[in-house]
Amino acid sequence: MIKSKIFDYLKKVIKEKIEIEVFVPENEQFGHYSSNVALKLATLARKNADLNAELRGKNPMQIAEEIKTALSSMIARDFFEKIEVATPGFINFWISEKVLQDELKEILKKKQNYGKSAVRGQMSKVQIEFISANPTGQLTIGNGRGGFFGDVLANILKFAGYKVVKEYYVNDAKASTQIKELGKTALGEGNIYKTKNLELIIKNLGEKLKNITDYGKAGNLLAREIQKDNKKFIEKGLKINFDKWFSEESLYKNGAVEKLLDELKRKNLVYEKGGALWMKTKDFGDNEDRVLVRASGEPTYFLPDMAYHLNKFKTRKFTQVIDIWGADHHGYEPRLRAGLKALSIFENGDGKFKVIITQLIRLIKEGKEVKMSKRNGEFITLDDLIKEVGLDATRFFFLMSSSDTHMNFDLSLAKERSMKNPVYYVQYAAVRCGGILRKSNVKYQKSRIKFDLLSTNEDLNLIRQLARFSEVIKEAANNYNPQILARYSLDLAKTFHNFYEKERIMGAEENLMAARLELIKATQVIFKNLFGLLGVSMPKKM
RNA sequence: GCCCUUGUAGUGAAAUGGAUAUCACGACAGGCUUCGAACCUGUUAUUGGGGGUUCGAAUCCCUCCAAGGGCACCA
């Protein structure tokens, strides 16, 4: 990885242990990579009198010049084509052709494993829970956002070397209010849930519901059917494959909920008020205490959810747990966090539990907002949207923006726009790669490829862009940020289209053609990986 | 009232405190005898207002304005 090599060189030179940055500057006149190390050092020297005397009184430009000199006298000499110092103290790097050509060889050698790494030790076991939609109806567009986000984040973390479990929490507990409400609907005694196909599902269930009078049981039965449909849709329609479907009801069955309540009582964290059992969450950072068991004797959602998270941390021993929730649940975070803290989950800090909130999506149709309500039965489901716009386009559109953007989705433009969705731009680049490779039936010996012939601006730009893949994976994984990858795929496509426009492959001089075909192969490898990670299909033709 | 999130070209978005704010769509002006033009090249914003911190702010702090969400013995 080129970037980390620059890091290493800089660390050798500066000795101080400080946070420095190496980045790809937006403007190419500032080099292939750039670092603010001198600026950071100067700031530090000004604030901290104990620091290395050599630095005292020097301005960033002087420090940058010294680092440049030191780098130039090291082996780094062959690594960089040029190093420049720029105001107010940046050091800009140009990578030598040789290094880039070697990196290309590396990609061709490692193929689909290029950029993969293995994370060892304590923090490597990650559980990531997402969608977890209530089995009371079809998935919403908001579920889709969280779903694609979680799926791709999990893919990235896996690729970056973590052991990842993608998990869906099925809220099928007979004791829960919504399941009971659903049960009423199933038994024809309520009509809160008026979603598509619901009547049909109930009709099909007919026999099984006959002798049931218990709302919880009836609701659970109906929920299971709805869940079957949702699962099928998630796997086939959304192309998201969960490693585990975790049933809330199972926590009741195996006694985990009861056991937890006992433990809380034993730890003197529970008291009674108004006939209900309350937990002293306020003592652990929540705004107020919370009900665990209602006056009716039924547990709230909170109690089994704590049991669930206890299962994640203690039973299954995940070292990193990530929950992805819609914005309408964000207020719940302090409660759960307080609960887990009370259970001594966070003895080594609460960083092992991360909640990512995805903001809601606003649907616009003909200039007006379409209110999404499950209750009136007129909402647009995720299924509808994907049928209209297509899975690849929907996925990519959602993945391009940050989870906390309040996205506007214009349905009137959706279809029209879908044809111009950026995903097609990326797919087209991959199709072009495939097209060239299909047409070129040229035979050449791999060992004799002259990679040093790849020396035009376009050749080198493309290689540099390909080499960024491994850096982007790392960045996306470290920041839990899938959109970095989606954006990168656009960058790569742009660089490739530029290359394609300006350089010929077929018809070039024999040795150059062979080298360029290898370059195209490498590009295809990276695209393939990108599409796999993003869950987007890689068409051969468009 | 309190809490969370957001405010960036006509539109939708991007930018771990870095340099001349990036991308797509739309609009306008150009580009195919040759690997697929679903492509390429231009033009289109002083980042909601006002203060502050910093060598350096879309990003951090304060304040005002605006939008979305949450404040259940629902999940």
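Residues numbered from 1 in each chain as written. Chains lettered and ligands numbered in written order. Predicted model: local features only at pLDDT ≥ 70, side-chain atom pairs only at ≥ 80, totals over all residues.

**Concerning the sheet that holds strand 3 (residues 80-86)**
Here's step 1: Ordered in space as 1-2-4-3, the four strands form an open sheet in which the pairing is antiparallel. Lying at the two open borders of the sheet, with one neighbouring strand each, are strand 1 (22-23) and strand 3.
Here's step 2: Packed on one face of the sheet, helix 3 (residues 60-73) meets strand 3 and strand 4 (90-95) and runs near 165° to strand 3. (Pairing = 2+ DSSP bridges. Helix = DSSP H or I, 4+ residues; strand = E, 2+ residues; numbered from the N terminus. Contact = placed C-beta atoms within 7 Å. Axes fitted to C-alpha atoms, helices over the stretch in contact; angles between N-to-C directions.)

**Topic: the sheet that holds strand 14 (residues 368-370)**
Here's step 1: Pairing is mixed across the open sheet formed by three strands, whose spatial order is 14-13-15. Pairing within the sheet leaves two strands with one partner each, and these edge strands are strand 14 and strand 15 (408-410). The sheet shows a mean angle of 40° between the axes of neighbouring strands, taken without regard to direction.
Here's step 2: By the bridge criterion, three bridges tie strand 13 (residues 362-365) to strand 14 in an arrangement that is antiparallel. From the neighbouring strand, leucine 363 faces strand 14, where its bridge partner is valine 370.
Here's step 3: Packing against the sheet, helix 16 (residues 411-418) makes contact with strand 13, strand 14 and strand 15, and its axis sits at approximately 75° to strand 15.

**Details of unusual backbone geometry**
Here's step 1: Proline 88 follows threonine 87 through a cis peptide bond whose omega is 0°.
Here's step 2: Inspection of the secondary structure assignment puts proline 88 in the loop between strand 3 and strand 4.
Here's step 3: For isoleucine 131, which is not glycine, the phi torsion reads 60° and is therefore positive.
Here's step 4: Its place among the elements puts isoleucine 131 in the loop between strand 5 (125-129) and helix 6 (141-159).
Here's step 5: Accessibility expressed as a C-beta count within 10 Å gives 26 for isoleucine 131, which makes it buried.
Here's step 6: The backbone of serine 132 sits at a positive phi, close to 40°, despite the residue not being glycine.
Here's step 7: Within the element layout of this structure, serine 132 appears in the loop between strand 5 and helix 6. (Buried ≥ 20, exposed ≤ 12 C-beta atoms within 10 Å, placed from the backbone.)

**Observations regarding the pairing of strand 4**
Here's step 1: Across the six residues that make up strand 4, a large majority, five, are buried.
Here's step 2: Strand direction decides the pairing type here: strand 2 (residues 33-35) and strand 4, joined by three bridges, are antiparallel. Across the sheet, the residue bridging to serine 35 is isoleucine 91, located in strand 4.
Here's step 3: As judged from the six bridges shared by strand 3 and strand 4, these two strands associate in the antiparallel manner. Note that in strand 4 the partner of lysine 82 across the bridge is tryptophan 94.
Here's step 4: From the end of strand 3 to the start of strand 4, which pair antiparallel, there are three residues, and glycine 89 there has a positive phi angle of about 155°.

**Description of the nonpolar core**
Here's step 1: By size, the foremost hydrophobic cluster in this structure holds 127 residues, and its most contacted members are Ala38, Ile156, Leu157, Ile463, Leu485 and Leu534.
Here's step 2: Sequence-distant contacts of leucine 534, that is, excluding residues within four places in its chain, are made with Val152, Arg395, Phe396, Leu399, Leu485, Ala486 and Ser489.
Here's step 3: Listed in part, the 11 residues of the second largest apolar core include Ala186, Leu221, Leu222 and Ala223. (Core = buried A, V, L, I, M, F, W, Y, C linked by C-beta atoms within 7 Å.)

**Looking at helix 9 (residues 215-237)**
Side chains of residues three or four places apart in an α-helix project in the same direction, reflecting 3.6 residues per turn.
Here's step 1: Compared with an ideal rise of 1.5 Å per residue, which puts 23 residues at 33 Å, helix 9 spans 31 Å between its outermost C-alpha atoms and is within 8% of the ideal.
Here's step 2: Among the residues making up helix 9, those that are buried are Tyr215, Ala218, Gly219, Asn220, Leu221, Leu222, Ala223, Ile226, Gln227, Asn230 and Ile234.
Here's step 3: Here the buried face of helix 9 lies against strand 6 (163-170), helix 7 (177-186), helix 8 (198-209) and helix 10 (248-253).
Here's step 4: Backbone geometry just downstream of helix 9 places lysine 239 in the positive-phi region, at approximately 55°. (Expected span 1.5 Å × (residues − 1).)

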